[in-house]
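Topology and contacts: notes
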Amino acid sequence: MTDPFTTDPSTTDSPRAPHEAPESPAPAQKPLDSLIRHTTDNAVSWITLDRPEAMNALTRDQRERVIELLTAASADPDVRAVVITATGRGFCAGADLRAGPPAGERVPGDVARTIRLGAQRLIAAVLDCEKPVIAAVNGTAAGIGAHLAFACDLVLAAEPARFIEVFARRGLVPDGGGAHLLPRLVGPQRAKELMFFGDALSAADAERIGLVNRVVPAEELEKTARAWAERLAAGPTRALALTKQLVNASLDTDRATAFAAEAAAQEINMTTADATEGVASFVERRAPRFKGR
């Protein structure tokens, strides 16, 4: 597959990463809340990356803002689903290191610490969010940007979207949990093909191999994301959170551990008002009215 993304910014938090981002105003020239826009509508938290001139490459401050918003969504009972999307022709081109301090002299452990406290925290914030998270991928998702999408519970992609495991092309090892996420989504052989070659994967091919739930025309992406998110927001929020935890842990546990976790999740969920409402609605033969409690 050809690579339409020849001017991608650095796609790793490693201080050694080359930097090829297109020229753009320094992020500090704009307020952070204009670069990572946030709204809540119909119980859905919308997180929009809005630095299209840099293909929505993330600086450290922007990354921290996304983590903060995901953490807040988990704790806010009035938020019942999350959508992560972006503006322009890029979803997220990776990590943008230009706004950070110079690397300077490193000592052993610096790189590992940078990755652990940076890219890995971002991906963990998505995986650990107690609300379902939808990625609405409008354009190119490269490096950590691709992993940000793959960490989400559901992935919608516009037809022009592309996914690029760009690390090996830069002589780098994947970060942001890529080597953990991809084999679980598409199997080890396919994951290695994507990571070894770093070819651009079209939205249609990503759907075919199971990285994307659905591909839609670009003009329908927001509408479809809104419909999916609002449907999730009307659901039994705690039951969905517990289901997410069970599924995310399922490939890392043996059967006995998985069964014990399932039983514990059922025990917890049966104390919720939504579980009571779900049973009552079944007995009364009516649609349930879940409140997320």
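Everything numeric here is computed off the predicted structure, so don't read it as measured data.

Here is what the cut-offs are and how they apply
Residues numbered from 1 in each chain as written. Predicted model: local features only at pLDDT ≥ 70, side-chain atom pairs only at ≥ 80, totals over all residues. Heavy atoms only, no water. Helix = DSSP H or I, 4+ residues; strand = E, 2+ residues; numbered from the N terminus. Buried < 20%, exposed > 50% of the residue type's maximum accessible area, 1.4 Å probe, protein only. Contact = heavy atoms within 4.5 Å. Areas by Shrake-Rupley, 256 points an atom, 1.4 Å probe, with all protein chains shown as cover. Core = buried A, V, L, I, M, F, W, Y, C linked by side-chain atoms within 4.5 Å. Lys, Arg positive; Asp, Glu negative; His and termini not counted. Salt bridge = Lys/Arg side-chain N within 4 Å of Asp/Glu carboxyl O. Polar contact = N/O pair within 3.5 Å; in protein donor to acceptor, adjacent residues only side chain to side chain. pLDDT = per-residue confidence, 0-100. Disulfide = S-S within 2.5 Å. Pairing = 2+ DSSP bridges. Axes fitted to C-alpha atoms, helices over the stretch in contact; angles between N-to-C directions. Phe/Tyr/Trp six-rings, centres within 6.5 Å; stacked < 30°, edge-to-face > 60°. Lys NZ or Arg CZ within 6 Å of the ring centre and 35° of its normal.

1. Description of the overall build of the chain
Scanning the chain for helices and strands turns up twelve helices and ten strands. When burial is assessed residue by residue, the chain has 47% of its 293 residues classed as buried. Long-range pairs, those at least 24 residues apart, make up 72% of the contacts in the chain between residues at least 6 apart in sequence. A total accessible area of about 14,300 Å² is found for the chain, and carbon and sulfur atoms account for 55% of it.

2. Observations concerning the nonpolar core
Within the largest apolar cluster, 49 residues are counted, with the highest numbers of intra-cluster contacts made by L70, V82, I84, F91, V137, F163 and L211. With near-sequence residues (within four places) excluded, I84 lies in contact with I47, L70, F91, V126, V133, I134, A135, A136, L148 and C152. Within the second largest apolar cluster, 14 residues are counted, among which are W46, A158, V216 and A225.

3. Quick word on the side chain of R80
By secondary structure assignment, the location of R80 is in the loop between α2 (60-75) and β3 (81-86). The buried charged residue R80 lacks any salt bridge, with D274 as its nearest oppositely charged partner at 4.6 Å. Within the structure, R80 has its side chain in polar contact with the backbone oxygen of G235 (distance 2.6 Å). The contacts of R80, once residues within four sequence positions are left out, are A43, K131, P132, L232, A233, A234, G235, T237, F290, K291 and G292.

4. With respect to the confidence of the model for the chain
Of all residues in the chain, 88% have pLDDT values of 70 or greater, and the mean over the chain is 89. Scored below 50 in pLDDT, residues 1-28 shows 95 contacts in the model against residues more than four places distant or in partner chains.

5. A word on the state of the cysteines
Under the counting rule described, the total for this entry stands at zero disulfides. C129 takes part in no disulfide bond, and the closest cysteine sulfur, belonging to C152, lies 9.3 Å away.

6. Digging into the sheet that holds strand β10 (residues 214-216)
Across the sheet, which stays open at both edges, the six strands sit in the order β1-β2-β3-β5-β7-β10 with mixed pairing between neighbours. If you trace the sheet from one side to the other, it starts and ends with β1 (36-41) and β10, each paired once. The mean inter-strand angle of the sheet, taken between neighbouring strand axes irrespective of direction, is 20°. Here strand β7 (residues 154-158) pairs with β10 via three bridges, running parallel. Counterpart to L156 in the pairing with β10 is R214.

7. Describing the pattern of salt bridges
Summed over all chains, the structure comprises 17 salt bridges. For E64, the salt bridge is made with R63, and the minimal N-O distance between the two is 3.3 Å. Exposure remark for E64: the relative accessible area of 29% places this residue in the partly exposed category. Two residues, E222 and R226, come together in a salt bridge whose shortest N-O distance is 3.2 Å. Here E222 pairs with R226, and both are found in helix α9 (residues 221-233), just four residues apart, close to one helical turn.

8. Quick word on the packing of aromatic side chains
Summed over the entire model, instances satisfying the criterion amount to one aromatic pair. Centroid distance F150 to F163: 5.5 Å. Interplanar angle 25°. Geometry classified as stacked. Of the two residues, F150 is situated in helix α5 (residues 144-150) and F163 in strand β8 (residues 162-164); the sequence distance between them amounts to 13 residues. Accessibility classification places F150 together with F163 in one group, the buried group. Directly above the aromatic system of F259 lies the positively charged group of R255, at a separation of 6.0 Å from the ring centroid.

9. A short note on the side chain of D274
Position of D274 among the secondary structure elements: in helix α12 (residues 273-283). In this structure the side chain of D274 is engaged in a polar contact, spanning 2.8 Å, whose partner is the backbone nitrogen of K291. At a separation of 2.9 Å, a polar atom in the side chain of D274 contacts the main-chain amide nitrogen of G292. Excluding residues that lie within four positions of it along the chain, D274 makes contacts with G235, P236, T237, F290, K291, G292 and R293.

10. Re the sheet that holds strand β6 (residues 140-142)
Judged by pairing direction, the sheet is mixed, and its four strands sit side by side in the order β4-β6-β8-β9 without closing on themselves. Edge strands, defined here as strands with exactly one partner in the open sheet, are β4 (90-92) and β9 (200-202). The average angle at which neighbouring strand axes cross in this sheet is 25°, direction not considered.

11. Concerning the environment of Q245
By secondary structure assignment, the location of Q245 is in helix α10 (residues 237-250). For Q245, a relative accessible area of 45% puts it in the partly exposed group. Taking the C-alpha atoms as reference, Q245 lies 7.9 Å from D128; in sequence the two are 117 residues apart.

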